[in-house]
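Breakdown of the fold
Listed here are the chains, written in short residue letters.
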Amino acid sequence: MTDDQAAAENARLRLELEHRDQLLASVHARADTLRASVERLERQLDVAAEEQREAATERAELRRLLGNAQLQVHALLQLPAPEAATGAPAADAAEQPDTPPQPPAAAPPAGARAPRRAGARPQAPSRRRSLLDDARGVISGLRRMI
């Protein structure tokens, strides 16, 4: 190899190294951008999960209040008929027993379970993967790829 060929080879190798350094800098900048995007998505996911928990709590509270209101309405509907202006009891009231009618037992809440037997181990409820679990898995995969 002559001196001119060696110099040309050195120049070519320097250009390749500069190009590689530029590509690496570009890849690192893109990785930083992707990390920031993934972190932003993760924060948004956490906020959405918290809002979902709050909404579930609010729904449960509203269901409880609705159940209480339904029980009160049902109890009011079972009251004996009011007495006439003459002070005589209504005909239906004479046939009813002296004890006030009991409201029927309320249906157990949707999340209620049958009582456990003594010594029985609690079983983890079988549930599908939620959208939240799927999203966290995707974010985890993105972090590993970056």
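Just above, that's the structure.
These lines cover the structure that appears in this document, whether it is placed above or below.

Of regular secondary structure, the chain possesses three helices and zero strands. For the chain, the α and β elements follow one another from N to C terminus as α-α-α. Residue pairs in contact within the chain that sit at least 24 positions apart in sequence constitute 77% of those at least 6 positions apart. A total of about 13,100 Å² of accessible surface is found on the chain, and carbon and sulfur atoms cover 57% of it.

Moving on: the nonpolar core. Ranked by size, the top nonpolar core spans five residues in total: V38, L45, A49, L132 and I139. Listed by contribution, the elements that provide at least two residues to this core are α1 (3-77) and α3 (131-145). A total of three residues in this core trace back to one element, the largest contributor, which is α1. Sequence-distant contacts of V38, that is, excluding residues within four places in its chain, are made with I139, L142, R143 and I146.

Glancing now at the pattern of salt bridges. Applying the stated criterion across every chain yields a total of seven salt bridges. For the salt bridge of R12 with E9, the shortest nitrogen-to-oxygen distance reads 2.4 Å. Of this pair, R12 and E9 both sit in helix α1, three residues apart, which is roughly one turn of that helix. For E9, a relative accessible area of 29% gives the class partly exposed. Since its relative accessible area comes to 38%, R12 is described here as partly exposed. In this structure, a network of salt bridges that share partners links the residues E9, R12 and E16.

What counts as what
Residues numbered from 1 in each chain as written. Predicted model: local features only at pLDDT ≥ 70, side-chain atom pairs only at ≥ 80, totals over all residues. Heavy atoms only, no water. Helix = DSSP H or I, 4+ residues; strand = E, 2+ residues; numbered from the N terminus. Contact = heavy atoms within 4.5 Å. Areas by Shrake-Rupley, 256 points an atom, 1.4 Å probe, with all protein chains shown as cover. Core = buried A, V, L, I, M, F, W, Y, C linked by side-chain atoms within 4.5 Å. Buried < 20%, exposed > 50% of the residue type's maximum accessible area, 1.4 Å probe, protein only. Salt bridge = Lys/Arg side-chain N within 4 Å of Asp/Glu carboxyl O.

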